[in-house]
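Descriptive structure summary
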Amino acid sequence: MKRIAALYFMTILAGTSVPAVAGNWVVINPAPLINAGNVYVDTSKFFPPSPPPANAVIKSLSWDLSVYDNSNISAKYEICMLPGVSRCFDVSNNLQSRTSFFNYFKASSSFIVRVKLNGGSYPAKAGFTGSHMIYVEWE
């Protein structure tokens, strides 16, 4: 009887989940020089400096992007998941924020920032820090 109780107890324990490990990664890349208007320019890739666990997923993504100071009329900023640019999030109205748009995708995913300026003078460079930052929290 004790043996059956022990097996039952072990079966229950085997079915319980262990809390997931959580972590984050952050990458800061220089903002690219933009030589012409009305065309998308992509930044360098933002990717985890060291790989998260294979089963880790994104919990949130934050960003801090530099503004281009070329007196442009309008600017479009997007954060896109790679490969390709099929999953993009428009951040034009808020260059510093956080989103759940990429939640539950693999934490090992890479990203780029795409920028398209309209009007102003060229070449255009990013002001203040001259860089873009992506911060990914995962679990």
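Data block above holds the structure.
A brief structural summary. (Residues numbered from 1 in each chain as written. Predicted model: local features only at pLDDT ≥ 70, side-chain atom pairs only at ≥ 80, totals over all residues. Heavy atoms only, no water.)

Section: unusual backbone geometry
Cis peptide bonds are those with omega within 30 degrees of zero, and the linkage from Leu 82 to Pro 83 qualifies with 5 degrees. Its place among the elements puts Pro 83 in the loop between strand E4 (74-81) and strand E5 (87-90). Residue Tyr 122 is joined to Pro 123 through a cis peptide bond whose omega torsion reads 0 degrees. Locating Pro 123 in the fold gives a position in the loop between strand E7 (111-118) and strand E8 (131-138). Despite not being glycine, Ser 71 has its phi angle at roughly 60 degrees, a positive value. Within the secondary structure, Ser 71 sits in the loop between strand E3 (58-65) and E4. A positive phi angle, near 75 degrees, is found at Tyr 104, a position not held by glycine. The topology assignment puts Tyr 104 in the loop between strand E6 (96-99) and E7. (Helix = DSSP H or I, 4+ residues; strand = E, 2+ residues; numbered from the N terminus.)

Quick notes on the pattern of salt bridges
Counting across every chain of the model gives five salt bridges. Ionic pairing is found between Glu 78 and Arg 114, a salt bridge with its closest N-O pair at 3.4 Å. One end of the pair, Glu 78, is in strand E4; the other, Arg 114, is in strand E7, and 36 residues separate them in sequence. On the accessibility criterion, Arg 114 (15% relative accessible area) is buried. Each of Asp 42, Lys 76, Glu 78, Asp 90 and Arg 114 takes part in one network of salt bridges that share partners. (Salt bridge = Lys/Arg side-chain N within 4 Å of Asp/Glu carboxyl O. Buried < 20%, exposed > 50% of the residue type's maximum accessible area, 1.4 Å probe, protein only.)

Some remarks on the side chain of Ser 109
If you trace the backbone, Ser 109 turns up in the loop between E6 and E7. Here Ser 109 falls in the buried class, since its relative accessible area comes to 12%. Polar contacts involving the side chain of Ser 109 include one to the main-chain carbonyl oxygen of Lys 106, which spans 2.6 Å. In contact with Ser 109, not counting residues within four places along its chain, are Trp 25, Phe 46, Pro 48 and Met 81. (Polar contact = N/O pair within 3.5 Å; in protein donor to acceptor, adjacent residues only side chain to side chain. Contact = heavy atoms within 4.5 Å.)

Considerations on the side chain of Ser 60
Checked against the element boundaries, Ser 60 lands in strand E3. Looking at Ser 60, the relative accessible area reads 5%, which means it is buried. There is a polar contact of 2.9 Å between the side chain of Ser 60 and the side chain of Arg 98. Side chain to side chain, Ser 60 and Glu 137 meet in a polar contact 2.8 Å long.

Some words on the state of the cysteines
Tallied over the entire structure, the rule returns one disulfide. Here Cys 80 is linked by a disulfide to Cys 88, with a sulfur-sulfur distance of 2.1 Å. Residues Cys 80 and Cys 88 are joined by a disulfide whose S-S torsion is about 110 degrees; by sign, that bridge is right-handed. Relative accessible area serves as the criterion here: at 0%, Cys 80 is assigned to the buried category. (Disulfide = S-S within 2.5 Å.)

Description of the sheet that holds E4
A sheet is described by the order of its strands in space; here four strands give the open sequence E2-E7-E4-E5, paired in antiparallel fashion. Edge strands, defined here as strands with exactly one partner in the open sheet, are strand E2 (41-42) and E5. Across two bridges, the pairing between E2 and E7 is antiparallel. By the bridge assignment for E7, Val 41 is matched with Val 115. (Pairing = 2+ DSSP bridges.)

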